[in-house]
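# An overview of the molecular structure
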Amino acid sequence: MTLPATDPARDPAAPTSDEETPPHPLHRRLKSFVKRAGRTTEGQARAFAELGPLFLLPYRPEPLDIAAAFGRVAPTVLEIGFGMGEATAHIAALQPEKNFLCCEVHEPGVGALLKRIGEQQLSNIRICAHDAVDVIDHMLMPGMLAGVHVFFPDPWHKTRHNKRRLIQPPFVRKLADRLAPGGYLHCATDWQPYAEQMLEVLSQEPLLRNTAAGYAPKPDYRPLTKFENRGLKLGHGVWDVVFERI
């Protein structure tokens, strides 16, 4: 199939002058990410150069044409904050019948996932290196998604920082609105107070219903990453919350 090309010399997250729009009021209160330090390795940089033109999707404040972006029509899952892409690549390989639209602003993480795409010969992933809030607001239309993955978002441990957590009612309403009927929202965290908040917030969203009586068993498609395995060995818990669009 013919894949859409992007300009590798241009930052995919940077809008052109005619694409600039005033910030949404929500953006002053909530972002889907926190910038982290990190160094892009030589292998990741090579992946950017070789695979970026095929798999990096520029942010544009206009509705996304899924068929044009992926070269096919297929159920599409949005992943918000994929870290180094270990779980993303595993799930995409396990579910080749689905498209995976993945948002991450951490450059080494984007490079790592591009490298995994090349190593595993994956064709069903597109990466938008931009804030997911913008992507949801301007690129995704109601009912467009078959699923949403939010795995291990920043827990903002301190009570005074809890308001910065991603999973809050206004954001969950946006996600629920973009899901097609029967679509799912899957959140996972290793911080129990955040798990409790996730369960409470999602339970209060009238467009969603819980697929379990409380927390869900870990779905088979979500792998145990090295980070998660290390935490489990130290006695840390992990909680999955899976809700469905009604």
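Residues numbered from 1 in each chain as written. Predicted model: local features only at pLDDT ≥ 70, side-chain atom pairs only at ≥ 80, totals over all residues. Heavy atoms only, no water.

Counting its secondary structure elements, the protein chain contains eight helices and seven strands. The 246 residues of the protein chain split such that 50% are buried. Split by element, the accessible area of the protein chain, about 11,900 Å² in all, is 55% carbon and sulfur. (Helix = DSSP H or I, 4+ residues; strand = E, 2+ residues; numbered from the N terminus. Buried < 20%, exposed > 50% of the residue type's maximum accessible area, 1.4 Å probe, protein only. Areas by Shrake-Rupley, 256 points an atom, 1.4 Å probe, with all protein chains shown as cover.)

Counting across every chain of the model gives eight salt bridges. When the shortest N-O distance is used, the salt bridge between Glu42 and Arg46 registers 3.3 Å. A residue pair is termed a helical-turn pair when its members lie 3 or 4 positions apart in one helix, as Glu42 and Arg46 do in helix α1 (residues 42-55) at four residues. The class for Arg46 is partly exposed, based on a relative accessible area of 42%. A salt bridge links Arg222 to Glu228, with the nearest nitrogen and oxygen atoms 2.7 Å apart. (Salt bridge = Lys/Arg side-chain N within 4 Å of Asp/Glu carboxyl O.)

For the rest of this paragraph, the subject is the pairing of strand β3 (residues 125-128). Burial of β3 is two-sided: the residues Ile125 and Ile127 facing one way and the residues Arg126 and Cys128 facing the other way are all buried. The sheet contact formed by strand β2 (residues 99-103) and β3 spans four bridges and is parallel. Looking at the pairing, Cys102 lines up with Ile127 of β3. (Pairing = 2+ DSSP bridges.)

What follows is about the sheet that holds strand β6 (residues 208-210). The sheet built from seven strands is open, its strands ordered β3-β2-β1-β4-β5-β7-β6 with mixed pairing. At either margin of the open sheet sits one strand with a lone partner, and together these are β3 and β6. The mean angle between the axes of side-by-side strands here comes to 20°, regardless of whether they run parallel or antiparallel. As judged from the six bridges shared by strand β5 (residues 179-189) and strand β7 (residues 239-245), these two strands associate in the antiparallel manner. Each bridged residue has a counterpart across the sheet, and for Ala188 the counterpart in β7 is Asp240. Across the face of the sheet, helix α7 (residues 192-203) comes into contact with β5, β6 and β7 while running at roughly 10° to β7. (Axes fitted to C-alpha atoms, helices over the stretch in contact; angles between N-to-C directions. Contact = heavy atoms within 4.5 Å.)

Next up on the list: the side chain of Arg178. In this structure, Arg178 sits in helix α6 (residues 169-178). In this structure Arg178 comes out as buried when scored by relative accessible area, which is 11%. Within the structure, the side chain of Arg178 is placed 3.0 Å from the backbone oxygen of Ile136, a separation counted as a polar contact. Among the polar contacts made by the side chain of Arg178, one reaches the main-chain carbonyl oxygen of Leu140 at a distance of 3.1 Å. Contacts of Arg178, omitting those with residues within four sequence positions, involve Ile136, Asp137, Leu140, Met141, Pro142, Gly143, Met144 and Leu145. (Polar contact = N/O pair within 3.5 Å; in protein donor to acceptor, adjacent residues only side chain to side chain.)

Take unusual backbone geometry next. Leaving glycine out, the prevailing phi sign among residues is negative, and the prevailing peptide bond configuration is trans. For Phe152, which is not glycine, the phi torsion reads 55° and is therefore positive. Among the structural elements, Phe152 can be located in the loop between β4 (145-151) and α6.

Structurally, Thr88 is set in helix α3 (residues 86-94). Residues in contact with Thr88, not counting those within four places in the same chain, are Glu79, Phe82, Cys102, Leu113 and Ile125.

Glancing now at the pairing of β4. Judged by how many residues are buried, β4 sits mostly within the fold: six of seven residues are covered. With three bridges joining them, strand β1 (residues 76-80) and β4 adopt parallel strand pairing. Residue pairing for β4: Leu78 is matched across the bridge by Val148. Bridge count between β4 and β5: six bridges; the pairing is parallel. When the sheet's bridge partners are listed, Val150 is paired in β5 with Cys187. This β-α-β element, β4 to α6 to β5, shows right-handed connectivity. (Right-handed = clockwise from strand over helix to strand, strands pointing away.)

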